Amino acid sequence: MQDAKSLETWAFINHISLLLSYKIYNLLRDKKLLANFSVVDFIAHLKYIFKVKINGEWHISEVTKKTKQFLEKLTLHIT
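Residues numbered from 1 in each chain as written. Predicted model: local features only at pLDDT ≥ 70, side-chain atom pairs only at ≥ 80, totals over all residues. Heavy atoms only, no water.

## Section: the nonpolar core
Convention followed: Take the buried Ala, Val, Leu, Ile, Met, Phe, Trp, Tyr and Cys residues and link them wherever side-chain atoms come within 4.5 Å; each set so joined is a nonpolar core. Three labels apply to residues, based on accessible area from a 1.4 Å probe with only protein chains included: buried if under 20% of the type maximum, exposed if over 50%, partly exposed otherwise in between. Helix numbers and strand numbers start at the N terminus; a helix is a DSSP run of H or I with at least 4 residues, a strand a run of E with at least 2. Whether two residues are in contact is decided by their heavy atoms: any pair within 4.5 Å suffices.
Core analysis: the biggest nonpolar cluster contains 8 residues, these being Ile 24, Leu 28, Leu 33, Phe 37, Val 39, Phe 42, Phe 70 and Leu 74. Put simply, the parts of the chain that give this core at least two residues each are α1 (4–30), α2 (39–46) and α3 (65–74). With sequence-adjacent residues up to four places away left out, Phe 37 is seen in contact with Leu 28, His 45, Phe 70 and Lys 73.

Structure follows, in structure tokens:
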């Protein structure tokens, strides 16, 4: 690290990342999906969903059937 401020920023970002990881982990645990999916799987399913602007309106990009099924199991809605 170059200075104390960089270290503090790095620690803060890591803290936020860890909080989000545990939130995803708890969601998977509560839905009893930990035997089939991990936090990494969750991120892998959702990392290619984008919002695109077409003719001045925002739309959600296409989502694969597998990802839709995964979201349904978690009862998550992407809007």
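## Side note on the side chain of Thr 67
Convention followed: Polar contacts here mean pairs of N or O atoms no more than 3.5 Å apart (in protein, one a potential hydrogen donor and the other a potential acceptor; neighbouring residues in sequence count only if both atoms are side-chain atoms).
Mapped onto the elements of the fold, Thr 67 is located in helix α3. In this structure the side chain of Thr 67 is engaged in a polar contact, spanning 3.4 Å, whose partner is the side chain of His 45. Non-local contacts of Thr 67, meaning those with residues more than four positions away in its chain, are made with His 45, Leu 46 and Ile 49.

## Topic: the packing of α2 against α3
Rule in force here: Axis lines are fitted through C-alpha atoms, for helices just across the contact stretch, and the angle between N-to-C directions can take any value from 0 to 180 degrees. When an angle is under 35 degrees it counts as roughly parallel; over 145 it counts as roughly antiparallel; between 65 and 115 it counts as roughly perpendicular; any other value is oblique. In this scheme the handedness of a crossing depends on how the near helix is turned from the far one: anticlockwise by less than a right angle means left-handed, clockwise means right-handed. When residues are sorted by character, Ala, Val, Leu, Ile, Met, Phe, Trp, Tyr, Cys and Pro go into the nonpolar class, Asp, Glu, Lys and Arg into the charged class, and all the rest, Gly among them, into the polar class.
Direction vectors running N to C along α2 and α3 enclose 125°, while the axes themselves pass 10 Å from each other. One element, α2, and the other, α3, form an angle in the oblique class. Where α2 crosses over α3, the two elements pack in a sense that is left-handed. Judged by residue contacts, Phe 42, His 45 and Leu 46 of α2 engage Lys 66, Thr 67, Phe 70, Leu 71 and Leu 74 from α3. Along the lines of polarity and charge, the residues of the contact of α2 with α3 split into 5 nonpolar, 2 polar and 1 charged.

## Structural notes on the pairing of strand β1 (residues 51–54)
The cut-off we apply is this: At least two bridges found by DSSP between two strands is the condition for calling them paired.
Note: β1 against strand β2 (residues 57–60), 4 bridges, orientation antiparallel. Across the sheet, Ile 54 pairs through a bridge with Glu 57, a residue of β2. Linking β1 back to β2 in an antiparallel pair, the connection comprises 2 residues, with Asn 55 at a positive phi of about 55°.

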